[in-house]
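Letter by letter, the chains look like this.
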Amino acid sequence: MNPVQQFSHWETTTPGAIFLQQPLAGQWKKWTYKEAGDEARRMATALASYGLPPRSKIAILSKNCAWWLMADYAIWLAGHVSVPVYPTLTATSARQIIEHSDAKACFIGKLDDWQSIQGGIPSGLPCIRFPLSPEVDCAAARSDDSKTEPGAVATGGASVGLPSLSLRDEPV
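Nothing here was measured: the structure is a model prediction, and the numbers come from that model. (Residues numbered from 1 in each chain as written. Predicted model: local features only at pLDDT ≥ 70, side-chain atom pairs only at ≥ 80, totals over all residues. Heavy atoms only, no water.)

**A closer look at the overall build of the protein chain**
Scanning the protein chain from N- to C-terminus turns up five helices and seven strands. Each helix (α) and strand (β) of the protein chain, taken in turn from the N terminus, gives the series α-β-β-α-β-α-β-α-β-α-β-β. For the protein chain, contacts bridging at least 24 residues in sequence account for 58% of all contacts bridging at least 6. When the accessible surface of the protein chain is totalled, it reaches about 8,700 Å², and 52% of it is carbon and sulfur. (Helix = DSSP H or I, 4+ residues; strand = E, 2+ residues; numbered from the N terminus. Contact = heavy atoms within 4.5 Å. Areas by Shrake-Rupley, 256 points an atom, 1.4 Å probe, with all protein chains shown as cover.)

**Some details on the nonpolar core**
One finds Met70, Phe107 and Phe130 to be the most contacted residues of the largest nonpolar core, which totals 26 residues. Counting only elements with at least two residues in this core, the list comes to strand E1 (18–24), helix H2 (33–48), strand E3 (57–61), helix H3 (66–77) and strand E5 (103–108). The biggest single contributor to this core is H3, with eight residues. Setting aside residues no more than four positions away along its own chain, Phe107 makes contact with Met43, Leu47, Ile58, Ala59, Ile60, Leu61, Ala71, Ile75, Ile128 and Phe130. (Core = buried A, V, L, I, M, F, W, Y, C linked by side-chain atoms within 4.5 Å. Buried < 20%, exposed > 50% of the residue type's maximum accessible area, 1.4 Å probe, protein only.)

**Comments concerning the pattern of salt bridges**
With the rule as written, the count across this model stands at seven salt bridges. When the shortest N-O distance is used, the salt bridge between Lys63 and Asp112 registers 3.1 Å. Here Lys63 is found in the loop between E3 and H3, whereas its partner Asp112 is found in the loop between E5 and helix H5 (114–117), with 49 residues between them in sequence. Among the residues examined, Lys63 registers a relative accessible area of 29% and is labelled partly exposed. Each of Glu11, Lys34, Asp38 and Arg41 takes part in a single network of salt bridges with overlapping partners. (Salt bridge = Lys/Arg side-chain N within 4 Å of Asp/Glu carboxyl O.)

Here it is, written out as structure tokens:
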């Protein structure tokens, strides 16, 4: 089984089992398989609304976190390919990876030093923010519960001529 099939198996057979845990504000945020799957499908829906060709490359620039795993799953669900960009890279190295891979969008998560790596994000590249991400020039469209519930993503595109995206509840 591939990773999407494997996750789907566990989501179907053990939907209430804990899949991910993330320290957040001094407590542990937990996701069951069902909750993580729901969130990943909302992320995949946001990606699908970009209208990208199948197997487009989608970068993920973040420290290790639960949202990274859900973004990977979302990218695969949407029929695309993940491009990891590690937060310890220099801006020059990050840009080389993003440009060489021909990434069409980038998930951005929590980073210790956004100032040193932000130059690695090509101008005009649509970005999708994880909770705890730096303030990136993205439109702040969020799911209904994101004001109190970390785990929603904000999507962006208005600054690059794409429509701002809202996360929708319907799965891809």
